[in-house]
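# Understanding the architecture of this molecule
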Amino acid sequence: MTAETTVPSSGTQPWASGIPHGPVRPARHIGGLRFPSRRPPARSDSPLPLLAADLLAAMAGAAVLAEAAGRPGPAATPTTALVAALVVGALLLRPRSARPGPGAPGVLDELPALCGRTAVTWLGLAALLAAYDPARALTARTLLLGWALHAAAAGAGRGAVHWRRRVALRRRPRTALVVGPAATAQRVAAALLRHPGCRVRPVGVVADHAEGAAGLPVLTTGEEVERALIRNGVRVVLTVHPAVRTAKAPLLRALAASGCALWEVEAECPAYEMRDQLVGFAVRRLDPGARRPGAVGKRLLDVVVSGTLLVLVSPVLLVCATVLRLTDGPGVVFRQERVGKDGRPFTMLKFRTHRPADEQEAATRWSVAGDQRMSPFCRVLRQTSMDELLQLWNVFRGDMSLVGPRPERPHFVAQFSRIHPGYAARHRMRTGITGLAQVNGLRGDTSIEDRARFDNAYIDNWSLWQDFRILLRTAAAVVRSTGS
């Protein structure tokens, strides 16, 4: 878990324009773009109207429970308890929006999920009531009537909410920028303008060259994009060519950081596995590293695990520091600048296992694994990855995470970002001590192209469970480690 990427392999083509060639900066500054990160709030759909509709539907369905709860008997079930159980179950199993496209969903899109989840709620309530008091079990008539009334009320309430939202969007549609080759982008923009009912109104095309295409204004510079972004209140960005994700990656990340939702439009041919559509075009949501549910859990895992490990391994750290001081002299801790999340530099800590000749060597030498100047104890530290233990403090501070793309020095970040597509995109997540690339054997002098691909795959499919799996695989690898 030391050196993180390799010298670029031959035959690799430079990345397209738009990659920063200077100091690494936060995402909203990438490629010279300085889009505002704090704009007036977008007209986001509040969850409260749908929540209220689901709550009222559950109360309507609960009306049929009076018959079951009111029948005479020695242990009549209180009506309030049944209603409370029904409401809690209905809210826990309430359907999410079935079609979260750039337009607005309708109740028919979520009707199957609505009926199914309502049926599960009523069946669960019937099972609990039968287990509590078999004499008060719900009859088939009560069960069917309650489910039908509940589902109908939920459908009507949600339909009213979606209708109001569609009316609001028709009056004030979401403004959008279309990014891609000018001719294709203009064609997609024209199709959207011909169908105002789609509730997305393009206001400009972002392309490298105008190419003589007539239609919306073509924006070719970052300043023009920024002006259109602020002047029109743009909140939706549509990309119309797969190459845009790579060629315009800094632009897309800057737009996402400014609050825009990114969607990829399949404009040239029919697409596969795309459930969302916009005026006949298949679309899918792009996520260039925005906050996801579970980010707080990831940080909590980092703090708890790193803090616990720092306490547990503190005797080991003390022994290592003492032996290094006695055998290699002063300067036990090695501090080196690395590039972290959003391109922000931080100081990474390690045990010093090698003394570079000068600052130039420290900043630009790739690997020291075979250096003969390394003492036997330092070689053991590197082979067992114990020289990395001090990075637990970086994790505890928040500079790094336990799991994530490995951080690299600014010199190599600038070099690899120019040469390898996707390398700069690794910095949309906090860097880590270990990662998916490392547990798949990509350490030391291995392919940087493969490293970037594994790192981006980890970010695109991140979950807490994946972090646990990588940590377990890392622990197993350290036991049989051969070092780097």
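Predicted model, so just to flag it, every value in this text is computed and none were measured. (Residues numbered from 1 in each chain as written. Predicted model: local features only at pLDDT ≥ 70, side-chain atom pairs only at ≥ 80, totals over all residues. Heavy atoms only, no water.)

### A short note on the overall build of the protein
- The secondary structure content of the protein amounts to 18 helices and 11 strands.
- By the burial criterion, 46% of the 484 residues in the protein qualify as buried.
- Look at the contacts in the protein between residues 6 or more apart in sequence, and 75% of them connect residues 24 or more apart.
- As displayed, the protein offers around 23,800 Å² of accessible surface, 62% of which is attributable to carbon and sulfur atoms. (Helix = DSSP H or I, 4+ residues; strand = E, 2+ residues; numbered from the N terminus. Buried < 20%, exposed > 50% of the residue type's maximum accessible area, 1.4 Å probe, protein only. Contact = heavy atoms within 4.5 Å. Areas by Shrake-Rupley, 256 points an atom, 1.4 Å probe, with all protein chains shown as cover.)

### Re the pairing of strand β9 (residues 345-351)
- Where burial is concerned, most of β9 is hidden: five out of the seven residues are buried.
- Pairing of strand β8 (residues 333-339) with β9, which is carried by seven bridges, proceeds in the antiparallel orientation. When the sheet's bridge partners are listed, Gln-336 is paired in β9 with Met-348.
- Between β8 and β9, which pair antiparallel in sequence order, lie five residues; one of them, Asp-342, sits at a positive phi of approximately 60°. (Pairing = 2+ DSSP bridges.)

### Describing the environment of Glu-110
- Secondary-structure assignment places Glu-110 in helix α4 (residues 107-132).
- It is 10.0 Å that separates the C-alpha atoms of Glu-110 and Gly-159, two residues lying 49 residues apart in sequence.

### Here's the deal with helix α5 (residues 140-171)
- Here α5 is 32 residues long and its end C-alpha atoms lie 46 Å apart, about the 46 Å a rise of 1.5 Å per residue gives.
- Thr-142, Gly-146, His-150, Ala-151, Ala-154, Gly-155, Arg-158, Gly-159, Val-161, His-162, Arg-165 and Leu-169 are the residues of α5 that are buried. (Expected span 1.5 Å × (residues − 1).)

### Things to note about the sheet that holds strand β3 (residues 218-219)
- Read across the sheet, seven strands follow the order β3-β2-β1-β4-β5-β7-β6 without closing on themselves; strand pairing throughout is mixed. Both edges of this open sheet fall to β3 and β6 (276-278), since each of them pairs with a single strand only.
- Pairing between β6 and strand β7 (residues 281-286): three bridges, direction antiparallel. Each residue of the ladder has a partner; that of Gln-277, found in β7, is Ala-282.
- Sheet strands touched by helix α6 (residues 182-194): β1 (174-179), β2 (200-206), β3, β4 (236-239), β5 (261-266), β6 and β7. Its angle to β2, the strand with the most contacts, is close to 165°. (Axes fitted to C-alpha atoms, helices over the stretch in contact; angles between N-to-C directions.)

### A look at the confidence of the model for the protein
- The share of residues in the protein with pLDDT of 70 or more is 78%, and the mean pLDDT across the chain is 78.
- Highest mean pLDDT in the protein belongs to strand β10 (residues 401-403) (94); lowest belongs to helix α12 (residues 359-364) (55).
- Contacts of residues 1-32 to residues separated by more than four positions or lying in other chains number 94 contacts, the stretch itself having pLDDT below 50.
- Low confidence marks residues 73-77, where pLDDT is under 50. Its contacts with residues over four positions away, or in another chain, come to 13 contacts. (pLDDT = per-residue confidence, 0-100.)

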